[in-house]
Amino acid sequence: MKEQLANIRAQALAAFDGAKDSAALDALRVQYLGKKGELTAVLKQMGKLSAEERPAMGQLANEVRAALEEALEAAGKKLEAAALEAKLKLEAVDVTIPGDSVAIGHKHPMYSALDEIKDIFVGMGFTVLDGPEVELAYYNFDRLNAEEGHPSRDWSDTFYFDADSRVMLRSQTSPMQVHAMETMELPIRIIAPGRVYRKDEVDATHSPMFHQVEGMVIDKNVTMSDLKGTLNAVVEQLFGKGTVTRFRPHHFPFTEPSCEMDVQCHKCGGKGCPTCKGEGWIEVLGAGMIHPKVLEMSGIDPEVYSGWAFGMGLERLAMRQFKITDLRLIFENDTRFLEQF
Ligand SMILES: [Zn+2]
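Remember, predicted model here, so these are calculated numbers, not experimental data.

## Some words on the overall build of the chain
A count of helical and extended segments in the chain gives 12 helices and 9 strands. The C-alpha atoms of the chain give a radius of gyration of 44 Å, which is well past the 20 Å a tight globule of 341 residues would have. When contacts within the chain are restricted to residue pairs at least 6 apart in sequence, long-range pairs at least 24 apart make up 65% of them. Accessible surface for the chain amounts to roughly 19200 Å². Of this, 53% is attributable to carbon and sulfur atoms. Averaging the locations of the 38 positively and 51 negatively charged side chains of the chain gives two centres separated by 7 Å.

Set out below in C-alpha coordinates:
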(Lines give C-alpha, C1' and ligand atoms only; values in the text may rest on other atoms or scores of the structure.)
Protein backbone atom coordinates (compact mmCIF):
# COMPACT_ATOMS: atom_id res chain seq x y z
CA MET A 1 0.00 0.00 0.00
CA LYS A 2 2.87 2.31 0.80
CA GLU A 3 4.25 1.64 -2.66
CA GLN A 4 0.86 2.22 -4.26
CA LEU A 5 0.59 5.63 -2.59
CA ALA A 6 4.08 6.57 -3.69
CA ASN A 7 3.28 5.59 -7.28
CA ILE A 8 0.06 7.58 -7.31
CA ARG A 9 1.90 10.58 -5.92
CA ALA A 10 4.65 10.43 -8.53
CA GLN A 11 2.29 9.81 -11.46
CA ALA A 12 -0.21 12.46 -10.41
CA LEU A 13 2.40 15.16 -9.86
CA ALA A 14 3.94 14.50 -13.27
CA ALA A 15 0.51 14.45 -14.92
CA PHE A 16 -0.60 17.72 -13.27
CA ASP A 17 2.59 19.41 -14.34
CA GLY A 18 2.10 18.36 -17.98
CA ALA A 19 -1.60 19.32 -18.26
CA LYS A 20 -2.12 21.40 -21.45
CA ASP A 21 -5.19 23.37 -20.28
CA SER A 22 -7.65 23.69 -17.42
CA ALA A 23 -10.04 21.11 -18.92
CA ALA A 24 -7.28 18.50 -19.02
CA LEU A 25 -6.27 19.41 -15.47
CA ASP A 26 -9.84 18.98 -14.27
CA ALA A 27 -9.98 15.51 -15.85
CA LEU A 28 -6.80 14.61 -13.94
CA ARG A 29 -8.32 15.89 -10.68
CA VAL A 30 -11.24 13.48 -11.17
CA GLN A 31 -8.88 10.68 -12.14
CA TYR A 32 -6.80 10.92 -8.94
CA LEU A 33 -8.90 12.69 -6.30
CA GLY A 34 -12.49 12.03 -7.43
CA LYS A 35 -14.93 9.69 -5.65
CA LYS A 36 -13.94 6.90 -7.98
CA GLY A 37 -10.39 8.16 -8.23
CA GLU A 38 -7.18 6.23 -7.74
CA LEU A 39 -6.30 7.69 -4.32
CA THR A 40 -9.84 7.06 -3.02
CA ALA A 41 -9.62 3.45 -4.23
CA VAL A 42 -6.43 2.95 -2.15
CA LEU A 43 -7.99 4.58 0.93
CA LYS A 44 -10.93 2.17 0.67
CA GLN A 45 -8.50 -0.68 1.31
CA MET A 46 -7.49 0.83 4.71
CA GLY A 47 -10.05 -1.40 6.38
CA LYS A 48 -8.02 -4.46 5.51
CA LEU A 49 -4.99 -3.19 7.46
CA SER A 50 -4.15 -4.20 10.99
CA ALA A 51 -4.80 -1.75 13.86
CA GLU A 52 -1.03 -1.14 14.23
CA GLU A 53 -0.48 -0.34 10.56
CA ARG A 54 -3.55 1.87 10.10
CA PRO A 55 -2.43 5.18 11.78
CA ALA A 56 0.88 5.38 9.93
CA MET A 57 -0.73 4.50 6.60
CA GLY A 58 -3.54 6.98 7.27
CA GLN A 59 -1.02 9.75 7.87
CA LEU A 60 0.85 8.89 4.67
CA ALA A 61 -2.39 8.84 2.68
CA ASN A 62 -3.30 12.30 4.04
CA GLU A 63 0.13 13.62 3.12
CA VAL A 64 -0.26 12.31 -0.45
CA ARG A 65 -3.73 13.86 -0.72
CA ALA A 66 -2.42 17.22 0.54
CA ALA A 67 0.54 17.07 -1.88
CA LEU A 68 -1.79 16.29 -4.78
CA GLU A 69 -4.16 19.12 -3.91
CA GLU A 70 -1.31 21.56 -3.60
CA ALA A 71 0.20 20.51 -6.91
CA LEU A 72 -3.23 20.72 -8.54
CA GLU A 73 -3.70 24.30 -7.35
CA ALA A 74 -0.23 25.33 -8.50
CA ALA A 75 -0.76 23.77 -11.93
CA GLY A 76 -4.14 25.55 -12.20
CA LYS A 77 -2.54 28.91 -11.46
CA LYS A 78 0.20 28.29 -13.96
CA LEU A 79 -2.31 27.50 -16.70
CA GLU A 80 -4.38 30.58 -15.85
CA ALA A 81 -1.34 32.83 -16.10
CA ALA A 82 -0.34 31.27 -19.40
CA ALA A 83 -3.86 31.74 -20.79
CA LEU A 84 -3.88 35.40 -19.72
CA GLU A 85 -0.52 36.01 -21.31
CA ALA A 86 -1.65 34.42 -24.57
CA LYS A 87 -4.79 36.56 -24.56
CA LEU A 88 -2.80 39.75 -23.95
CA LYS A 89 -0.43 38.84 -26.72
CA LEU A 90 -3.37 38.36 -29.10
CA GLU A 91 -5.02 41.64 -28.17
CA ALA A 92 -1.88 43.66 -27.98
CA VAL A 93 -1.78 46.95 -29.92
CA ASP A 94 1.51 47.97 -31.34
CA VAL A 95 1.59 51.69 -30.57
CA THR A 96 4.69 52.18 -32.69
CA ILE A 97 2.84 51.45 -35.98
CA PRO A 98 2.03 54.77 -37.76
CA GLY A 99 -1.76 55.49 -37.79
CA ASP A 100 -3.99 56.14 -40.82
CA SER A 101 -4.09 59.87 -41.40
CA VAL A 102 -7.59 61.39 -41.41
CA ALA A 103 -8.12 64.12 -43.99
CA ILE A 104 -9.72 67.09 -42.26
CA GLY A 105 -11.92 69.14 -44.56
CA HIS A 106 -13.09 72.71 -44.27
CA LYS A 107 -16.01 74.84 -45.32
CA HIS A 108 -16.92 74.85 -49.03
CA PRO A 109 -16.18 78.26 -50.63
CA MET A 110 -19.83 78.75 -51.54
CA TYR A 111 -20.95 78.19 -47.94
CA SER A 112 -18.23 80.56 -46.74
CA ALA A 113 -19.75 83.18 -49.06
CA LEU A 114 -23.24 82.36 -47.75
CA ASP A 115 -22.15 82.63 -44.11
CA GLU A 116 -20.66 86.02 -44.86
CA ILE A 117 -23.90 87.19 -46.51
CA LYS A 118 -25.93 85.93 -43.56
CA ASP A 119 -23.65 87.79 -41.13
CA ILE A 120 -23.99 91.03 -43.08
CA PHE A 121 -27.79 90.88 -43.27
CA VAL A 122 -28.28 89.66 -39.69
CA GLY A 123 -26.12 92.64 -38.67
CA MET A 124 -28.64 94.87 -40.45
CA GLY A 125 -31.57 93.36 -38.55
CA PHE A 126 -32.71 90.76 -41.09
CA THR A 127 -34.05 87.32 -40.12
CA VAL A 128 -32.78 84.23 -42.01
CA LEU A 129 -35.59 81.96 -43.27
CA ASP A 130 -35.45 78.41 -44.59
CA GLY A 131 -38.14 77.04 -46.91
CA PRO A 132 -39.25 74.04 -48.98
CA GLU A 133 -37.48 73.09 -52.21
CA VAL A 134 -40.59 71.21 -53.37
CA GLU A 135 -43.13 73.97 -53.85
CA LEU A 136 -46.62 74.58 -55.15
CA ALA A 137 -46.72 76.44 -58.47
CA TYR A 138 -49.25 78.61 -56.66
CA TYR A 139 -46.49 80.01 -54.42
CA ASN A 140 -43.71 79.86 -57.01
CA PHE A 141 -45.75 81.67 -59.71
CA ASP A 142 -49.38 82.74 -59.06
CA ARG A 143 -48.79 84.58 -55.82
CA LEU A 144 -45.80 86.31 -57.42
CA ASN A 145 -47.91 87.73 -60.23
CA ALA A 146 -46.72 85.17 -62.81
CA GLU A 147 -50.07 83.82 -63.87
CA GLU A 148 -50.96 80.95 -66.18
CA GLY A 149 -49.27 81.48 -69.54
CA HIS A 150 -46.23 83.30 -68.16
CA PRO A 151 -43.16 82.06 -70.09
CA SER A 152 -41.26 81.07 -66.90
CA ARG A 153 -43.99 78.46 -66.21
CA ASP A 154 -43.04 76.57 -69.36
CA TRP A 155 -42.31 72.82 -69.07
CA SER A 156 -39.01 73.36 -70.84
CA ASP A 157 -37.88 75.67 -68.00
CA THR A 158 -39.28 74.00 -64.88
CA PHE A 159 -39.20 70.60 -63.14
CA TYR A 160 -42.79 69.53 -62.42
CA PHE A 161 -43.89 66.50 -60.42
CA ASP A 162 -47.38 66.16 -61.90
CA ALA A 163 -49.15 66.52 -65.25
CA ASP A 164 -51.24 69.41 -63.90
CA SER A 165 -48.09 71.49 -63.28
CA ARG A 166 -49.14 72.11 -59.68
CA VAL A 167 -46.19 70.69 -57.72
CA MET A 168 -42.63 71.52 -58.71
CA LEU A 169 -39.04 72.01 -57.66
CA ARG A 170 -38.95 75.72 -56.92
CA SER A 171 -37.39 77.69 -59.76
CA GLN A 172 -36.53 80.61 -57.47
CA THR A 173 -36.39 81.41 -53.75
CA SER A 174 -39.04 84.10 -54.26
CA PRO A 175 -41.95 81.95 -52.98
CA MET A 176 -40.31 82.56 -49.59
CA GLN A 177 -41.46 86.18 -49.94
CA VAL A 178 -45.07 84.95 -49.95
CA HIS A 179 -44.47 82.50 -47.05
CA ALA A 180 -42.96 85.36 -45.04
CA MET A 181 -45.87 87.70 -45.83
CA GLU A 182 -48.33 84.98 -44.80
CA THR A 183 -46.66 84.09 -41.52
CA MET A 184 -44.76 87.13 -40.22
CA GLU A 185 -45.81 90.36 -38.56
CA LEU A 186 -45.02 93.67 -40.33
CA PRO A 187 -42.49 95.17 -40.73
CA ILE A 188 -40.59 92.31 -42.39
CA ARG A 189 -36.84 92.07 -43.05
CA ILE A 190 -35.79 88.64 -44.24
CA ILE A 191 -33.28 86.77 -46.32
CA ALA A 192 -34.01 83.21 -47.49
CA PRO A 193 -31.09 81.26 -48.97
CA GLY A 194 -31.54 77.87 -50.64
CA ARG A 195 -31.37 75.58 -53.66
CA VAL A 196 -33.42 76.27 -56.80
CA TYR A 197 -33.92 74.22 -59.97
CA ARG A 198 -34.22 75.03 -63.66
CA LYS A 199 -33.84 73.04 -66.85
CA ASP A 200 -30.51 74.63 -67.75
CA GLU A 201 -27.70 72.95 -69.65
CA VAL A 202 -24.47 72.69 -67.65
CA ASP A 203 -21.75 75.09 -68.77
CA ALA A 204 -19.25 77.50 -67.19
CA THR A 205 -22.04 79.74 -65.87
CA HIS A 206 -25.16 77.50 -65.76
CA SER A 207 -26.36 74.48 -63.77
CA PRO A 208 -29.82 72.84 -63.41
CA MET A 209 -29.43 73.25 -59.64
CA PHE A 210 -28.01 76.36 -58.11
CA HIS A 211 -28.39 78.53 -55.02
CA GLN A 212 -30.16 81.81 -54.52
CA VAL A 213 -30.44 84.19 -51.64
CA GLU A 214 -33.79 85.93 -51.51
CA GLY A 215 -34.13 89.19 -49.62
CA MET A 216 -37.17 91.26 -48.78
CA VAL A 217 -38.09 94.34 -46.76
CA ILE A 218 -41.67 95.54 -46.19
CA ASP A 219 -42.38 98.58 -44.08
CA LYS A 220 -43.93 102.03 -44.34
CA ASN A 221 -42.15 104.54 -46.62
CA VAL A 222 -39.72 102.03 -48.12
CA THR A 223 -38.31 103.30 -51.44
CA MET A 224 -35.99 102.32 -54.30
CA SER A 225 -33.17 104.36 -52.70
CA ASP A 226 -33.34 102.08 -49.62
CA LEU A 227 -32.90 99.13 -51.97
CA LYS A 228 -29.87 100.65 -53.73
CA GLY A 229 -28.30 101.87 -50.50
CA THR A 230 -28.69 98.51 -48.78
CA LEU A 231 -27.35 96.47 -51.70
CA ASN A 232 -24.39 98.81 -52.25
CA ALA A 233 -23.51 98.53 -48.56
CA VAL A 234 -23.73 94.73 -48.78
CA VAL A 235 -21.52 94.58 -51.88
CA GLU A 236 -18.91 96.82 -50.25
CA GLN A 237 -18.78 94.52 -47.22
CA LEU A 238 -18.47 91.49 -49.49
CA PHE A 239 -15.97 92.75 -52.05
CA GLY A 240 -14.34 95.73 -50.36
CA LYS A 241 -14.84 99.47 -50.22
CA GLY A 242 -15.22 101.18 -53.55
CA THR A 243 -16.62 98.14 -55.42
CA VAL A 244 -18.40 99.63 -58.42
CA THR A 245 -22.01 98.61 -59.06
CA ARG A 246 -24.59 99.60 -61.63
CA PHE A 247 -28.35 99.17 -61.69
CA ARG A 248 -30.05 98.45 -65.04
CA PRO A 249 -33.81 98.55 -65.66
CA HIS A 250 -35.28 95.07 -66.04
CA HIS A 251 -38.57 93.24 -65.83
CA PHE A 252 -39.81 90.77 -63.20
CA PRO A 253 -43.52 90.03 -62.80
CA PHE A 254 -43.43 90.48 -59.01
CA THR A 255 -41.57 93.80 -58.81
CA GLU A 256 -42.38 97.19 -60.30
CA PRO A 257 -40.07 98.90 -61.13
CA SER A 258 -37.49 96.13 -61.53
CA CYS A 259 -33.74 96.24 -62.02
CA GLU A 260 -30.63 94.13 -62.24
CA MET A 261 -27.48 94.95 -60.32
CA ASP A 262 -24.04 94.35 -61.84
CA VAL A 263 -20.62 94.58 -60.25
CA GLN A 264 -17.55 95.52 -62.21
CA CYS A 265 -15.63 92.46 -63.47
CA HIS A 266 -12.96 91.32 -61.00
CA LYS A 267 -10.80 89.85 -63.79
CA CYS A 268 -10.41 92.82 -66.08
CA GLY A 269 -11.54 95.74 -63.92
CA GLY A 270 -14.22 96.68 -66.47
CA LYS A 271 -12.16 96.48 -69.67
CA GLY A 272 -13.84 93.29 -70.92
CA CYS A 273 -12.54 89.70 -70.77
CA PRO A 274 -13.80 86.10 -71.21
CA THR A 275 -15.06 85.96 -67.56
CA CYS A 276 -17.43 88.88 -68.13
CA LYS A 277 -17.96 87.89 -71.79
CA GLY A 278 -16.36 91.15 -72.85
CA GLU A 279 -18.93 93.22 -70.96
CA GLY A 280 -16.73 94.49 -68.14
CA TRP A 281 -19.63 93.81 -65.74
CA ILE A 282 -21.04 90.73 -64.01
CA GLU A 283 -24.70 90.50 -63.14
CA VAL A 284 -25.14 89.51 -59.48
CA LEU A 285 -28.81 89.99 -58.69
CA GLY A 286 -32.27 91.01 -59.76
CA ALA A 287 -34.32 93.32 -57.57
CA GLY A 288 -37.14 95.80 -57.49
CA MET A 289 -40.01 97.34 -55.57
CA ILE A 290 -42.57 94.67 -54.66
CA HIS A 291 -45.52 94.85 -57.07
CA PRO A 292 -48.64 96.26 -55.35
CA LYS A 293 -50.62 93.24 -56.61
CA VAL A 294 -48.21 90.86 -54.79
CA LEU A 295 -48.67 92.79 -51.53
CA GLU A 296 -52.43 92.84 -52.01
CA MET A 297 -52.63 89.07 -52.66
CA SER A 298 -50.97 88.53 -49.27
CA GLY A 299 -53.38 90.90 -47.53
CA ILE A 300 -50.99 93.85 -47.20
CA ASP A 301 -52.36 97.28 -48.12
CA PRO A 302 -50.05 98.77 -50.83
CA GLU A 303 -51.37 102.25 -49.99
CA VAL A 304 -49.86 101.95 -46.49
CA TYR A 305 -46.91 99.61 -46.97
CA SER A 306 -44.25 99.28 -49.62
CA GLY A 307 -41.26 97.02 -49.95
CA TRP A 308 -38.34 95.87 -52.01
CA ALA A 309 -36.98 92.46 -52.80
CA PHE A 310 -33.95 90.92 -54.44
CA GLY A 311 -32.75 87.51 -55.51
CA MET A 312 -29.07 86.81 -56.00
CA GLY A 313 -27.23 83.81 -57.35
CA LEU A 314 -24.96 82.51 -54.64
CA GLU A 315 -22.57 80.69 -57.00
CA ARG A 316 -21.89 83.82 -59.02
CA LEU A 317 -21.18 85.69 -55.82
CA ALA A 318 -18.76 83.02 -54.59
CA MET A 319 -17.11 83.02 -58.03
CA ARG A 320 -16.64 86.80 -57.81
CA GLN A 321 -15.36 86.59 -54.24
CA PHE A 322 -12.96 83.68 -54.70
CA LYS A 323 -12.07 84.53 -58.32
CA ILE A 324 -13.40 81.21 -59.62
CA THR A 325 -13.87 81.22 -63.39
CA ASP A 326 -15.99 78.07 -63.94
CA LEU A 327 -19.26 77.31 -62.10
CA ARG A 328 -18.78 73.55 -62.53
CA LEU A 329 -15.78 73.60 -60.17
CA ILE A 330 -18.14 74.55 -57.34
CA PHE A 331 -20.20 71.34 -57.69
CA GLU A 332 -17.57 68.82 -58.82
CA ASN A 333 -16.10 68.66 -55.29
CA ASP A 334 -12.63 67.89 -56.53
CA THR A 335 -10.55 68.21 -53.36
CA ARG A 336 -7.57 69.51 -55.36
CA PHE A 337 -9.77 72.51 -56.20
CA LEU A 338 -11.46 72.86 -52.80
CA GLU A 339 -8.21 72.66 -50.83
CA GLN A 340 -7.22 76.07 -52.21
CA PHE A 341 -9.78 77.96 -50.16
ZN1 LIG B 1 -13.93 90.89 -67.30
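## Things to note about the sheet that holds strand 7 (residues 255-264)
Two modes of strand pairing occur in sheets, parallel and antiparallel, and in both the strands are linked by backbone hydrogen bonds. With mixed pairing, 7 strands are arranged side by side in an open sheet as 1-4-5-9-8-7-6. The sheet terminates laterally at strand 1 (127-128) and strand 6 (245-252), the two strands that pair on one side only. Inspection of the sheet shows strand 6 paired to strand 7 by 7 bridges, in the antiparallel sense. By the bridge assignment, arginine 248 is partnered in strand 7 with glutamate 260. Across the sheet, helix 8 (residues 224-239) touches strand 6, strand 7, strand 8 (281-290) and strand 9 (306-313), and the angle it forms with strand 7 is around 25°.

## A few points about the pattern of salt bridges
Per the stated rule, a full pass over the model turns up 18 salt bridges. Two residues, glutamate 73 and lysine 77, come together in a salt bridge whose shortest N-O distance is 3.5 Å. Of this pair, glutamate 73 and lysine 77 are both found in helix 4 (residues 53-91), 4 residues apart, which corresponds to roughly one turn of the helix. We note that glutamate 73, like lysine 77, is exposed.

## A word on the pairing of strand 7
Of all 10 residues in strand 7, 7 are buried, a share of seventy percent or more. Linking two consecutive strands that pair antiparallel, namely strand 6 and strand 7, is a turn of 2 residues. Relative to strand 8, strand 7 runs antiparallel, the two sharing 8 bridges. Bridge pairing in strand 8 places serine 258 opposite glycine 288.

## Overview of the packing of helix 1 (residues 2-18) against helix 2 (residues 22-33)
Between helix 1 and helix 2, the least distance of the axes is 10 Å, while the angle of their chain directions is 170°. As far as their axial angle goes, helix 2 and helix 1 are roughly antiparallel. Residues Ile8, Gln11, Ala12, Ala15 and Phe16 of helix 1 pack against Leu25, Leu28, Arg29 and Tyr32 of helix 2. The residue makeup of the contact of helix 1 with helix 2, split by class, is 7 nonpolar, 1 polar and 1 charged.

## Let's talk about helix 10 (residues 314-322)
The element helix 10 is largely enclosed, with a buried count of 7 among its 9 residues. Within helix 10 the residues assigned to the buried category are Leu314, Glu315, Leu317, Ala318, Met319, Arg320 and Gln321. Directly beyond the C-terminal end of helix 10, a positive phi value near 55° is found at lysine 323.

## Quick look at the environment of aspartate 262
Within the secondary structure layout, aspartate 262 lies in strand 7. Its relative accessible area of 2% is what places aspartate 262 among the buried residues. Look past the residues within four positions of aspartate 262 in its chain and what remains in contact with it is Val244, Thr245, Arg246, Arg248, Trp281, Ile282, Glu283 and Val284. In this structure the side chain of aspartate 262 is engaged in a polar contact, spanning 2.8 Å, whose partner is the side chain of arginine 246. A polar atom in the side chain of aspartate 262 sits 2.6 Å from the side chain of arginine 248.

Calculation notes
- Residues numbered from 1 in each chain as written.
- Predicted model: local features only at pLDDT ≥ 70, side-chain atom pairs only at ≥ 80, totals over all residues.
- Heavy atoms only, no water.
- Helix = DSSP H or I, 4+ residues; strand = E, 2+ residues; numbered from the N terminus.
- Rg over C-alpha atoms; globule rule 2.2 N^0.38 Å.
- Contact = heavy atoms within 4.5 Å.
- Areas by Shrake-Rupley, 256 points an atom, 1.4 Å probe, with all protein chains shown as cover.
- Lys, Arg positive; Asp, Glu negative; His and termini not counted.
- Charge placed at Lys NZ, Arg CZ, Asp CG, Glu CD.
- Pairing = 2+ DSSP bridges.
- Axes fitted to C-alpha atoms, helices over the stretch in contact; angles between N-to-C directions.
- Salt bridge = Lys/Arg side-chain N within 4 Å of Asp/Glu carboxyl O.
- Buried < 20%, exposed > 50% of the residue type's maximum accessible area, 1.4 Å probe, protein only.
- Parallel < 35°, antiparallel > 145°, perpendicular 65-115°, else oblique.
- Nonpolar A, V, L, I, M, F, W, Y, C, P; charged D, E, K, R; others polar.
- Polar contact = N/O pair within 3.5 Å; in protein donor to acceptor, adjacent residues only side chain to side chain.

Interpretation note: all reported values are geometric properties and have no functional meaning in isolation.
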